[in-house]
Amino acid sequence: MAALQLEVVTPNGPVVQAEADYVGIPGELGQLGIMPGHSPLLTALTPGRLYFRKNDQNTDVFISGGFAEISENRVSILAESAELKEHIDVARAQRAMDRARQRLEKAASDETIDVLRAEAALLRASLRMKIASGS
Ligand code: ATP
């Protein structure tokens, strides 16, 4: 029987509400594997792939970073943005990647460009494409 309750919430509302046997999350200090009975934890997350397993079936989710709270077999994720793999718009991610690359190419000669912001956008776009393609 599945024993974890997973919730992924964004400012636009819940993205995942599911039971799971196992949840893998991109912790700031490395990938975290959560099984039933995990000790209470509050941790920051990096942009990356969250996945959960139920009845031997994995579901992949992109998360943009955020926070995870684990307590009494509940895994609560608060993220700025998150999408289930099948909801990732690959063409949109490609456009975001192209825009970010163009900004970074111009950065050396244009000091108005926010390099950190462009790098973060590039990372989100490449992670979305990676997750969508299953690699
Ligand atoms: P973009 O420049 O395309 O908006 P972004 O990385 O800046 O990309 P975010 O700020 O992470 O976008 O997300 C804004 C909203 O758009 C969120 O609700 C997020 O789930 C959604 N979103 C962004 N990119 C995609 C995508 N490729 N597929 C599906 N939803 C997306």
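Note that the structure is a prediction, hence the values are computed from the model and not measured.

### Thoughts on the overall build of the protein
Item 1. Summing up its helical and strand segments, the protein has two helices and ten strands in all.
Item 2. Each helix and strand of the protein, ordered N terminal to C terminal, gives the series β-β-β-β-β-β-β-β-β-β-α-α.
Item 3. Across its three principal directions, the C-alpha atoms of the protein cover 55 × 25 × 25 Å.
Item 4. Of all 135 residues assigned to the protein, the portion counted as buried reaches 39%.
Item 5. Sequence-distant contacts, at least 24 apart, represent 49% of the contacts inside the protein between residues at least 6 apart.
Item 6. Carbon and sulfur atoms make up 48% of the accessible area of the protein, which amounts to about 8300 Å² in all.
Item 7. Charge centroids of the protein, computed over 15 positive and 18 negative side chains, lie 5 Å from each other.

### Details of unusual backbone geometry
Item 1. Phi is positive for Asn55, which is not a glycine, with a value near 50 degrees.
Item 2. Exposure remark for Asn55: the relative accessible area of 63% places this residue in the exposed category.
Item 3. Although it is not a glycine, Asp56 adopts a positive phi angle of roughly 65 degrees.
Item 4. Inspection of the secondary structure assignment puts Asp56 in the loop between β6 (48-54) and β7 (57-63).
Item 5. Asp56 gets classed as exposed once you look at its relative accessible area, which sits at 74%.

Procedures and definitions
Residues numbered from 1 in each chain as written. Predicted model: local features only at pLDDT ≥ 70, side-chain atom pairs only at ≥ 80, totals over all residues. Heavy atoms only, no water. Helix = DSSP H or I, 4+ residues; strand = E, 2+ residues; numbered from the N terminus. Buried < 20%, exposed > 50% of the residue type's maximum accessible area, 1.4 Å probe, protein only. Contact = heavy atoms within 4.5 Å. Areas by Shrake-Rupley, 256 points an atom, 1.4 Å probe, with all protein chains shown as cover. Lys, Arg positive; Asp, Glu negative; His and termini not counted. Charge placed at Lys NZ, Arg CZ, Asp CG, Glu CD.

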